[in-house]
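# Descriptive structure summary
Now for the letters of each chain:
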Amino acid sequence: MGRSRTAVARRNADQYFGLSAAGTTVRTEVVGGVTTFLAMAYILFVNPQILGTTGMDISAVFVATALAAALGSLVMGLWARYPIALAPGMGLNAFFAFTVVLVMGIPWETALAGTFVSGILFFILAVTGVRGAIVNAIPLHLKFATGAGIGLFIAFIGLRNAGIVVESEATLVGLGDLRRPETLLAIFGVLVTAAFLIRGFKGGVFYGMIFTAAAGVVTGVIAAPAGVVSAVPSLAPTFGAAFGSIGELFTAQMAVVILTMLFVDFFDTSGTLIAVANQAGFLRNGELPRANKALMADSVATMGGAVLGTSTTTSYIESSAGVSAGARTGLASVVTAVLFVLSIFFSPLLAVVTPEVTAPALILVGVFMATALGDIEWSKLEYAIPAFMTVAAMPLTYSIANGIAFGLFLYPILMVLKGRWRDVHPITYALFVVVTAYFIWLM
Ligand SMILES: Nc1nc2[nH]cnc2c(=O)[nH]1
């Protein structure tokens, strides 16, 4: 009886998520979902630290982060059916805390209300199809460049987290102290993970993380977890705080804040969706099927996250770790969502997933994503220059959105100079105006 019920459940899952059609299995999707979760789990600890600088309650933000990630990943998995997980974004939480609250002096409750409204605007763009049209109008070589640039960006984050790249006053960045125990652990992790991958293990990124965490605990570099289960902290300090401040949104300052949140999330999400979809082989003639559903999942997560008490929730580039472990369907995102819900009970165990443990995954996934460079037509300079600037700007300005904006700014100008102005999509000219306005606002 039990076995036949399991068989029926498997068949239903196969049909709903299209596992066989995608050449995957329940087991592979579970490994992919767990891999993505482990690659993202650091956000559970980093996000409360960053948002806590605004005076928000750290424990409440921890729970809000987990639940917003779970909500977004679940909607993405069940509705858009992509192996793309979501969580509060690293660039956007820094903008929320350091720019909006600490520099502009806006209360965090009002900033949360602004986040909520940016989610509504995002939703409207997705429902009306405007967003999907914009995503699909981005030229193919800029899509490849976006994937490769994000690869360099996350490798840079990984190298920093590992302590291999450090800041330098003279040259901005430099080589870190390779004798530091945490750095040595990360280097060990890169080698072990690379070994798994080179030997053809699909879950190599995941297994590499387990080995690295275990080696960290055995050698004492990572403190053994204090326990396994702990009580769930209260959400009360942040839940619904956004709604008390809706009245304070009607200022020019908040209009700029909301539009910036929308712009950054828009290009970050678009770039991430395209990069992960390209890696997984989902693009059809350079376009993403069901793009609007994926975008709506993203906007629902931002609205839900703002109500719970976190800055913008976005599609995570770390999903590419799960895709490299074999994930091809929404089932993997559902697995990631379940793990985010469970994480609110098991917070002491997550403490062993330190930045050194996730660094090897970020660095090696960066390698996979950089392979998209091979698809760019480097001999055509009107493509090569915008593509190169897109790739270079992402790690060097520490922003996915800036990289895309560089490309969208340069491409139409160079096509006009080449005399090929007719070959540029009208939407691409409209995007040129938008990114030019963005650069002017930044100045
Ligand atoms: N795409 C994307 N991935 C992330 N991973 C961690 N933070 C981010 C972010 O802001 N955007």
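Residues numbered from 1 in each chain as written. Predicted model: local features only at pLDDT ≥ 70, side-chain atom pairs only at ≥ 80, totals over all residues. Heavy atoms only, no water.

### Observations concerning the overall build of the chain
A count of helices and strands for the chain gives 19 helices and four strands. Since a compact globule built from 443 residues should have a radius of gyration of about 22 Å, the 21 Å found for the chain is in line with a globular shape. Referenced to the eigenvectors of the C-alpha coordinate spread, the extents of the chain come out at roughly 65 × 60 × 50 Å. Every one of the 443 residues in the chain was classed for burial, and the buried ones make up 56%. A separation threshold of at least 6 residues defines the contact pool for the chain, and within that pool the share at least 24 residues apart is 80%. Working note: accessible area of the chain is about 18300 Å², and carbon and sulfur atoms make up 69% of it. Mean positive and mean negative side-chain charge positions of the chain (21 and 19 charges, respectively) differ by 15 Å. (Helix = DSSP H or I, 4+ residues; strand = E, 2+ residues; numbered from the N terminus. Rg over C-alpha atoms; globule rule 2.2 N^0.38 Å. Buried < 20%, exposed > 50% of the residue type's maximum accessible area, 1.4 Å probe, protein only. Contact = heavy atoms within 4.5 Å. Areas by Shrake-Rupley, 256 points an atom, 1.4 Å probe, with all protein chains shown as cover. Lys, Arg positive; Asp, Glu negative; His and termini not counted. Charge placed at Lys NZ, Arg CZ, Asp CG, Glu CD.)

### Topic: the site of the ligand
Around the ligand, the neighbouring residues are Y42, G89, M90, G91, D268, T272, T314, S315, Y316, I317, E318 and I400. Within the side chain of D268, one N or O atom sits 2.7 Å away from a nitrogen atom of the ligand. Within the complex, the protein chains bury 97% of what would otherwise be the 280 Å² of accessible surface of the ligand. Those elements giving two or more residues to the shell around the ligand turn out to be α5 (90–103), α11 (252–280) and β4 (313–315). A breakdown of the residues in the shell around the ligand according to their chemical character gives five nonpolar, five polar and two charged. (Near = heavy atom within 4 Å. Polar contact = N/O pair within 3.5 Å; in protein donor to acceptor, adjacent residues only side chain to side chain. Nonpolar A, V, L, I, M, F, W, Y, C, P; charged D, E, K, R; others polar.)

### Observations concerning the packing of aromatic side chains
Under the definition given, this model contains 20 aromatic pairs. Seen from their ring centres, F263 and Y438 are 4.1 Å apart, and the 25° between their planes marks the pair as stacked. Of this pair, F263 sits in helix α11 while Y438 sits in helix α19 (residues 426–442), and the two are 175 residues apart along the sequence. In this structure, F263 and Y438 share a single accessibility class: buried. Both rings, one in Y383 and one in Y411, keep their centres 6.4 Å apart while their planes meet at 45°; by these two values the pair is tilted. Here Y383 is found in helix α17 (residues 381–396), whereas its partner Y411 is found in helix α18 (residues 400–417), with 28 residues between them in sequence. Across this residue pair, the class does not change: Y383 and Y411 are buried. Three or more aromatic residues joined by ring pairs make a cluster, and in this case those are F263, F266, F267, F406, F409, F432, Y438 and F439. (Phe/Tyr/Trp six-rings, centres within 6.5 Å; stacked < 30°, edge-to-face > 60°.)

### Here's the deal with α17
With 16 residues, α17 extends 22 Å from end C-alpha to end C-alpha; this agrees with the ideal 22 Å at 1.5 Å per step. Those residues of α17 not exposed but buried are E382, Y383, A384, P386, A387, T390, V391, A392, A393, M394 and P395. Taken together, the buried residues of α17 touch α8 (140–162) and α18. A positive phi of about 55° marks Y398, the residue just after α17. (Expected span 1.5 Å × (residues − 1).)

### Digging into the pattern of salt bridges
Counted by the stated rule, this structure contains five salt bridges. Here R179 makes a salt bridge to D177, at a shortest N to O gap of 3.3 Å. Of the charged contacts, one joins E382 and R420 as a salt bridge, the two residues approaching to 3.0 Å between their closest N and O atoms. Here R420 lies in the loop between α18 and α19 and E382 lies in helix α17, a separation of 38 residues in the sequence. Since its relative accessible area comes to 21%, R420 is described here as partly exposed. Connected through shared salt-bridge partners, E382, R420 and D423 make up one network. (Salt bridge = Lys/Arg side-chain N within 4 Å of Asp/Glu carboxyl O.)

### Let's talk about the confidence of the model for the chain
Taken residue by residue, the chain gives an average pLDDT of 91. The fraction at 70 or more is 99%. The ipTM for the predicted assembly is 0.97, set against a pTM of 0.81. (pLDDT = per-residue confidence, 0-100.)

### A closer look at the side chain of T193
Looking at the secondary structure, you find T193 in helix α9 (residues 181–198). Relative accessible area serves as the criterion here: at 1%, T193 is assigned to the buried category. Excluding its chain neighbours within four sequence positions, the residues that come into contact with T193 are G204, V205, G208, P360 and L364.

### A few points about the environment of Q279
Within the fold, Q279 resides in helix α11. In sequence terms Q279 and E318 are 39 residues apart; their C-alpha atoms lie 12 Å from each other. Discounting residues that sit within four places of it in the chain, Q279 has contacts with S320, V323, S324 and F368.

### Observations regarding the packing of helix α7 (residues 130–137) against α11
The axes of two packed helices give the description: the angle between them and the distance between them. Put simply, α7 and α11 touch, their axes get as near as 11 Å, and they point 60° apart. The angle between the axes of α7 and α11 places the two elements in the oblique class. Read as a crossing pair, α7 and α11 show a hand that is right-handed. Only F266, T269, S270 and I274 of α11 make contact with α7, whose side of the interface consists of R131, I134 and V135. Of the residues assigned to the contact of α7 with α11, the class counts are four nonpolar, two polar and one charged. (Axes fitted to C-alpha atoms, helices over the stretch in contact; angles between N-to-C directions. Parallel < 35°, antiparallel > 145°, perpendicular 65-115°, else oblique. Left-handed = near helix turned anticlockwise from the far one by under 90°.)

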